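# Coordinate analysis (summary)
Spelled out from the first residue to the last, the chains are:
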Amino acid sequence: MLAVLHIRRAEFGTGDDGEVALAWMGGEISPQSMVFESSTTVGMYAPALDAFEHLLAVLESSAVLYISDSAFRREIQAASASFPGITVVDAACGRLVELVGIAVQALDDHTRFAHRRAWAAELARREALPELVVATDASKATGRSGVGVACVSAEGGFASKAYPDVDSVLAGELLAIALAIRTFPYRRLHILTDSKPALASLTKSRSRLLDTRRGDVVEIVDVVHRRAEGRDIRYSWVRGHSGHELNEIADRLAVAARRNHEAGVDPCVKEQINRNILGQLNISVLAA
């Protein structure tokens, strides 16, 4: 019998976890392979020992074994008296090279499916998360271009940005919604806005929108729809400046974004201003 025990560090897990592929052939039996991995942080050689024990279980009479990891190979060679049927060699040659390829392919297949399993688990985790409430708002100075936009979630996440060339409140409100969708990419969202025109723009057909709105508004609506594609997002209107806490925070962040840009405020100072505004958010109440 010929056998190969190929060890490599695991791509999944922590510490010194390892993945090990055992490939073997003998007599009329076609090449076979198995993958072993440690389920806990017990060290990368734990699955190698499992693989070696499996080899002993399927051993017909004797075997020539190549172990890719030199440290583990020396350990087995040192204990060779306990395994008289196994000859450990220092290099792969002949059909052992073929078995090395089979072992590597087995590990590649295992890793690929592990990626798929991990991604499926991550999608399931995201789907199980509760809907995230996010308020958006825009601020524009009277008589000049430039808007500040912001979004803030009931969990305390936020983003804000200034658009110095935008000259309409509607465009700013839509940009705030687009910012919210980009800022919170992996959650089901309930977006709150105090702009009825923005909500109306998002529900109109593109041809109808082209008849009633400026080109920049149509382009921003397109951006919102692209970012929302495949997402679970719903929109609601809230009355502005009526004491809705999340809306009020979004408004203050938007005003700060515009004023900070106009005044050329240092980024570190901007961050502190935003944190001070966010400190007024009663997250415990909103999340209840």
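The structure we're discussing is the one just above.
Just so we're clear, the structure is a prediction, and the values are computed from it rather than from any experiment. (Residues numbered from 1 in each chain as written. Predicted model: local features only at pLDDT ≥ 70, side-chain atom pairs only at ≥ 80, totals over all residues. Heavy atoms only, no water.)

This brings us to the environment of Ile 233. For Ile 233, the position within the fold is in strand S10 (residues 233–237). Judged by its relative accessible area of 16%, Ile 233 falls in the buried class. Separated by 45 residues in the primary sequence, Ile 233 and Arg 188 place their C-alpha atoms 5.8 Å from one another. (Helix = DSSP H or I, 4+ residues; strand = E, 2+ residues; numbered from the N terminus. Buried < 20%, exposed > 50% of the residue type's maximum accessible area, 1.4 Å probe, protein only.)

Our next topic: unusual backbone geometry. Even without being a glycine, His 241 presents a positive backbone phi close to 55°. Mapped onto the fold, His 241 is located in the loop between S10 and helix H8 (245–263). Owing to a relative accessible area of 62%, His 241 belongs among the exposed residues under this scheme.

On strand S5 (residues 86–89), burial follows the alternation: Ile 86 and Val 88 on one face are buried, whereas Thr 87 and Val 89 on the facing-out side are not. In the sheet, strand S4 (residues 63–67) pairs with S5 via four bridges, with the strands oriented parallel. Across the sheet, residue Ala 63 finds its bridge partner in S5, namely Ile 86. (Pairing = 2+ DSSP bridges.)

A word on the sheet that holds strand S8 (residues 158–163). Across the sheet, five strands lie side by side as S8-S7-S6-S9-S10; this open sheet has mixed pairing. Since the sheet does not close on itself, it has two edges, and those belong to S8 and S10, each with one partner. Between one strand axis and the next, the sheet turns through 20° on average, direction left out of account. The sheet contact formed by strand S9 (residues 189–193) and S10 spans five bridges and is parallel. Bridge pairing in S10 places Leu 189 opposite Ile 233. (Axes fitted to C-alpha atoms, helices over the stretch in contact; angles between N-to-C directions.)

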